[in-house]
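Take a look at the letters that make up each chain.
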Amino acid sequence: MTDRLSRLARSWDEAAGGYEAYFVPRFAPWVQAAVDAVRELPDGPVVVPCCGTFPELDLLAPRFPDRRIIGVDLSAEMVRLARRRAGERPMVEVVQGDASRLDPAWSPAAVVSVFGLQQLPDPVTAIRSWYDVLRTDGRLRVLYWPEVIEETGPFELLDKVIGAERDRSWEDALLPALDGAVIERDELISYPMTHPDAATYFDAANHAGPLRALALARGDDYVADLRERYVAAAPAGEWTHRPRARLIAVRKPRSRAGAARPTS
Ligand SMILES: C[S@@+](CC[C@H](N)C(=O)[O-])C[C@H]1O[C@@H](n2cnc3c(N)ncnc32)[C@H](O)[C@@H]1O
């Protein structure tokens, strides 16, 4: 495993319990939207790369009770919580590993991933590899946080205080990388999300979310300074915003001749 991947794995190990408590309920409408987009599948398993604590499973399992459902995540602690969520369901397995490439032997009927793609070192190669392992007529549903999620709000302010550089070129390359696919949907999906206040959101991002990896890399003093600047620049009190995630839904046609542009 590269240093970057092992630091990311460690950061999600530390974040996992808090992520389940703080972010999973707030992200639930997007998980629902991604799973609702999974319909009319051929036979075969459903694979969920970057499953985290596996909230997708609560919706997938009742919808596909007789199918094998496989979650994949890098973080041992996420995998532990995902297995706890899976319980005794015999058709469900959770595999620890790098989801940038999936086992072609799974030959999935569907690959469904929520808020994982933007974490991967090479999202363009990953989305193509997820498509490639699909069986004919299989469905790929990928929901991810784009580089620009909102014009103003808690997520945007965090990027601003960090001084994050935005490179959207990989996002523009996603659909071209899916050459041969039938593009069924490509849209931005937003729902309201509320945080008790700016400090609570910052602390959740730091201890239970995506800021953990940066905190591990840069140290406590850096994060303390970031927090001070964040809270000073944020509005007081409860904070509601409408972040936008991108949903890409494609089908693998029987032949390349079946490929077409978006139908909705
Ligand atoms: C924001 S969480 C999303 C989890 C879940 N899908 C959800 O919607 O709540 C992102 C997850 O991606 C995982 N992840 C990041 N890079 C990964 C990689 N290369 N392979 C597998 N999982 C990865 C992290 O461990 C983390 O659990």
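Residues numbered from 1 in each chain as written. Predicted model: local features only at pLDDT ≥ 70, side-chain atom pairs only at ≥ 80, totals over all residues. Heavy atoms only, no water.

1. A short note on the pairing of strand β5 (residues 139–144)
Heads up, the rule is: Exposure is judged per residue with a 1.4 Å probe applied to protein chains only, and the accessible area is read against the type maximum: over 50% gives exposed, under 20% gives buried, and values in between give partly exposed. Helix and strand definitions follow DSSP, with helices as H or I runs of at least four residues and strands as E runs of at least two, each counted in order from the N terminus. Strand pairing is assigned whenever DSSP identifies at least 2 bridges connecting the two strands. Note on handedness: a clockwise path from strand one over the helix to strand two, with the strands aimed away from the viewer, defines a right-handed crossover.
With six of its six residues buried, β5 lies for the most part within the structure. Because side chains alternate across β5, one face comprises the buried residues Arg139, Arg141 and Leu143, and the other comprises Leu140, Val142 and Tyr144, equally buried. In this sheet, β5 lies alongside strand β4 (residues 110–114) in parallel orientation, the contact comprising five bridges. Following the sheet pairing, valine 112 is matched in β5 by arginine 141. One crossover worth recording links β4 to the parallel β5 by way of helix α4 (residues 123–133), and it is right-handed. Here six bridges tie β5 to strand β9 (residues 244–251), and the two strands are oriented antiparallel to one another.

2. Here's the deal with the nonpolar core
Put simply, the rule reads: Remark: nonpolar core denotes a set of buried residues (Ala, Val, Leu, Ile, Met, Phe, Trp, Tyr, Cys) joined through side-chain atoms within 4.5 Å. Should any heavy atoms of two residues lie within 4.5 Å, those residues are counted as being in contact.
The biggest cluster of nonpolar side chains holds 67 residues, and the ones touching the most others in it are Phe54, Leu143 and Tyr230. In terms of residues, this core owes the most to one element, helix α1 (residues 3–36), which gives 16 residues. Not counting residues up to four positions away in its chain, the partners in contact with phenylalanine 54 are Val48, Ile69, Ile70, Gly71, Ala82, Arg85, Val92, Glu93 and Val94. Within the second largest apolar cluster, 29 residues are counted, among which are Trp106, Ile127, Val142 and Trp170.

3. Section: the site of the ligand
Quick note on the threshold: We call a residue near a molecule or strand whenever a single non-hydrogen atom of that residue lies within 4 Å of it. What sets the accessible areas is the Shrake-Rupley method with a 1.4 Å probe; for residues, cover comes only from the shown protein chains.
The environment of the ligand is made up of 21 residues, and the closest members are Tyr19, Glu56, Asp73, Asp98 and Ala99. Burial of the ligand by the surrounding chains reaches 99%, relative to a free accessible area of 590 Å². Listed by contribution, the elements that provide at least two residues to the shell around the ligand are α1 and α2 (55–63). The element that contributes the greatest number of residues to the shell around the ligand is α1, accounting for five residues.

4. Re the pairing of β9
With respect to burial, β9 is a largely interior element, six of its eight residues being buried. Summarising the sheet, strand β6 (residues 182–190) and β9 pair through eight bridges and their orientation is antiparallel. When the sheet's bridge partners are listed, aspartate 186 is paired in β9 with isoleucine 248.

5. Digging into helix α8 (residues 198–208)
Three or more residues of α8 are buried, namely Ala198, Tyr201, Phe202, Ala204, Ala205, Asn206 and Ala208. Elements in contact with the buried residues of α8: α1, α5 (154–162), β7 (193–195), α9 (211–218), α10 (220–233) and β8 (239–241).

6. Remarks on the side chain of asparagine 206
Position of asparagine 206 relative to the elements: it lies in helix α8. You can call asparagine 206 buried: its relative accessible area is 7%. With residues up to four places along the chain from it excluded, the contact list for asparagine 206 reads Leu211, Arg212, Ala215 and Val223.

7. Side note on the UniProt feature "domain: Methyltransferase" (unreviewed entry) in the chain
The criterion, for reference: UniProt positions are given in the numbering used here, feature names are shortened, and annotations may be inferred rather than shown by experiment.
Taking the numbering used here, the UniProt-annotated feature "domain: Methyltransferase" (unreviewed entry) corresponds to residues 50–138. Across residues 50–138, helical content stands at 35% and strand content at 17%; the span's end C-alpha atoms are separated by 19 Å.

8. Considerations on the sheet that holds β4
The test is simple: Helix axes use the C-alpha atoms of the stretch in contact, all axes being lines fitted to C-alpha atoms, and the angles between their N-to-C directions lie in the range 0 to 180 degrees.
In spatial order, the strands read β3-β2-β1-β4-β5-β9-β6; together these seven strands make up an open sheet with mixed pairing. Edge positions in the sheet fall to β3 (92–96) and β6, since each of these pairs with one other strand and no more. Averaged over all pairs of adjacent strands, the angle between strand axes in this sheet comes to 15 degrees, irrespective of strand direction. Against the sheet, helix α3 (residues 76–86) makes contact with β2 (69–73) and β3, and its axis sits at roughly 175 degrees relative to β3, the strand it touches most.

9. Some remarks on the environment of proline 196
In this fold, proline 196 is placed in the loop between β7 and α8. When its relative accessible area of 43% is taken as the criterion, proline 196 is described as partly exposed. Note: C-alpha distance between proline 196 and glutamate 238 (42 residues apart in sequence) is 4.6 Å. In this view, proline 196 contacts Tyr22, Arg26, Gly237, Glu238 and Trp239; residues no more than four positions away in its chain are not counted.

10. Brief notes about the pattern of salt bridges
Oppositely charged side chains are able to pair whenever their charged atoms sit close together. Our working definition: Salt bridge, as used here: a side-chain nitrogen of Lys or Arg that lies within 4 Å of a carboxyl oxygen of Asp or Glu.
If you walk through the whole model with that rule in mind, you get 20 salt bridges. Of the charged contacts in the structure, one is a salt bridge between glutamate 20 and arginine 85, with a shortest N-O distance of 2.9 Å. Of this pair, glutamate 20 sits in helix α1 while arginine 85 is found in helix α3, placing the two residues 65 residues apart along the sequence. For glutamate 20, a relative accessible area of 26% gives the class partly exposed. With a closest N to O distance of 3.0 Å, arginine 185 and glutamate 187 form a salt bridge. For glutamate 187, a relative accessible area of 26% gives the class partly exposed. Through salt bridges that share partners, Asp137, Arg139, Arg141, Glu184, Arg251 and Arg254 make up one connected network.

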